[in-house]
Amino acid sequence: FLKNRPQELYNISPKGTVPVLCLSKSIIIEESLNIMKWALEQQDIESWFLSNINDQIAIITLCDNEFKQWLDKYKYHDRYPENNKNFYKKKCDEFLSHINNLLNKNLYLFSNNISLSDVAIFPFVRQCANVDMDWFTNKYIHTSKWLNNFISSKLFLSVMDKYPEYQYKQTPLIINFNK
């Protein structure tokens, strides 16, 4: 679907990247983290904004600015022939080891409760794990448990359902995650 982005997306956001949250003609939020923060400011039922929000933002920023670039090169190493797959895997290891150390102390990154940082980072960790699951599960035991908790959660399973492609002006699909 990403290759078939509708013109309406570009009308809202010329960057054409997803996700984009259009609140009004003058209020457009184009970054995932900003959309998540906005949603939690509206309602934070499970207290994902913990008192250590600065630490959370720091690790999310590290993920966004460092890890994601190495993850892409690791996943698509044939597109980046300047180094081999193992080189990119080692670069991913720097971030994953840091996370694994944090998860040695708690169920989640900063406490025993899920937080914004866990939800922001786990999709990218999941992508990395899927490249070589044996390596990942054997090397990052705590991170592997953390990831499995997300993947088997009701919330994750409900949002991973397959839905028909959204068509402009169709009635929005509203999902009740509290079932």
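Residues numbered from 1 in each chain as written. Predicted model: local features only at pLDDT ≥ 70, side-chain atom pairs only at ≥ 80, totals over all residues. Heavy atoms only, no water.

*Asks:* Any details on the overall build of the protein chain? Residues and values, ideally.
*Replies:* Helix and strand content of the protein chain: eight helices and two strands. Each helix (α) and strand (β) of the protein chain, taken in turn from the N terminus, gives the series α-β-β-α-α-α-α-α-α-α. Here the C-alpha coordinates of the protein chain stretch approximately 45 × 40 × 30 Å along the principal axes. For the protein chain, the residues scored as buried account for 31% of the 179 residues in total. Carbon and sulfur atoms provide 51% of the accessible area of the protein chain, an area that totals close to 11,900 Å². Charge separation in the protein chain, taken as the distance between the mean sites of 21 positive and 19 negative side-chain charges, equals 4 Å. (Helix = DSSP H or I, 4+ residues; strand = E, 2+ residues; numbered from the N terminus. Buried < 20%, exposed > 50% of the residue type's maximum accessible area, 1.4 Å probe, protein only. Areas by Shrake-Rupley, 256 points an atom, 1.4 Å probe, with all protein chains shown as cover. Lys, Arg positive; Asp, Glu negative; His and termini not counted. Charge placed at Lys NZ, Arg CZ, Asp CG, Glu CD.)

*Asks:* Can you explain the packing of helix H3 (residues 53-75) against helix H4 (residues 85-103)? Please cite residues and give values.
*Replies:* The N-to-C vectors of H3 and H4 enclose an angle of 150 degrees; their axes lie 8 Å apart at closest approach. Judged on the interaxial angle alone, H4 and H3 are roughly antiparallel. Crossing angle aside, the handedness with which H3 passes H4 is left-handed. Contacts between H3 and H4 involve Ile59, Leu62, Cys63, Phe67, Trp70, Leu71, Lys73 and Tyr74 from the first element and Lys85, Phe87, Tyr88, Lys89, Lys91, Cys92, Phe95, Leu96, His98, Ile99 and Leu102 from the second. (Axes fitted to C-alpha atoms, helices over the stretch in contact; angles between N-to-C directions. Parallel < 35°, antiparallel > 145°, perpendicular 65-115°, else oblique. Left-handed = near helix turned anticlockwise from the far one by under 90°. Contact = heavy atoms within 4.5 Å.)

*Asks:* Which residues make up unusual backbone geometry, and what values do they have?
*Replies:* The backbone phi angle of Ser47 is positive, close to 55 degrees, even though this residue is not glycine. In this structure, Ser47 sits in the loop between helix H2 (32-42) and H3. Judged by its relative accessible area of 42%, Ser47 falls in the partly exposed class.

*Asks:* Provide a residue-level description of the side chain of Thr143, including the pertinent values.
*Replies:* The topology assignment puts Thr143 in helix H7 (residues 141-151). In contact with Thr143, other than residues within four places in its own chain, are Leu96, Ile99, Asn100, Leu103, Val125 and Phe136.

*Asks:* Give me the lowdown on the packing of aromatic side chains, citing residues and values where you can.
*Replies:* Under the definition given, this model contains eleven aromatic pairs. With 5.4 Å between their ring centres and 90 degrees between their planes, Trp135 and Tyr140 make a pair best called edge-to-face. Across the pair, exposure class does not vary: Trp135 and Tyr140 are buried alike. A centroid spacing of 5.5 Å and a plane angle of 45 degrees characterise the contact between Phe136 and Tyr140, whose relative ring orientation is tilted. With a relative accessible area of 1%, Tyr140 lands in the buried category. Of the aromatic side chains, those joined through ring pairs into one cluster are Tyr108, Phe122, Trp146, Phe150 and Phe156. (Phe/Tyr/Trp six-rings, centres within 6.5 Å; stacked < 30°, edge-to-face > 60°.)

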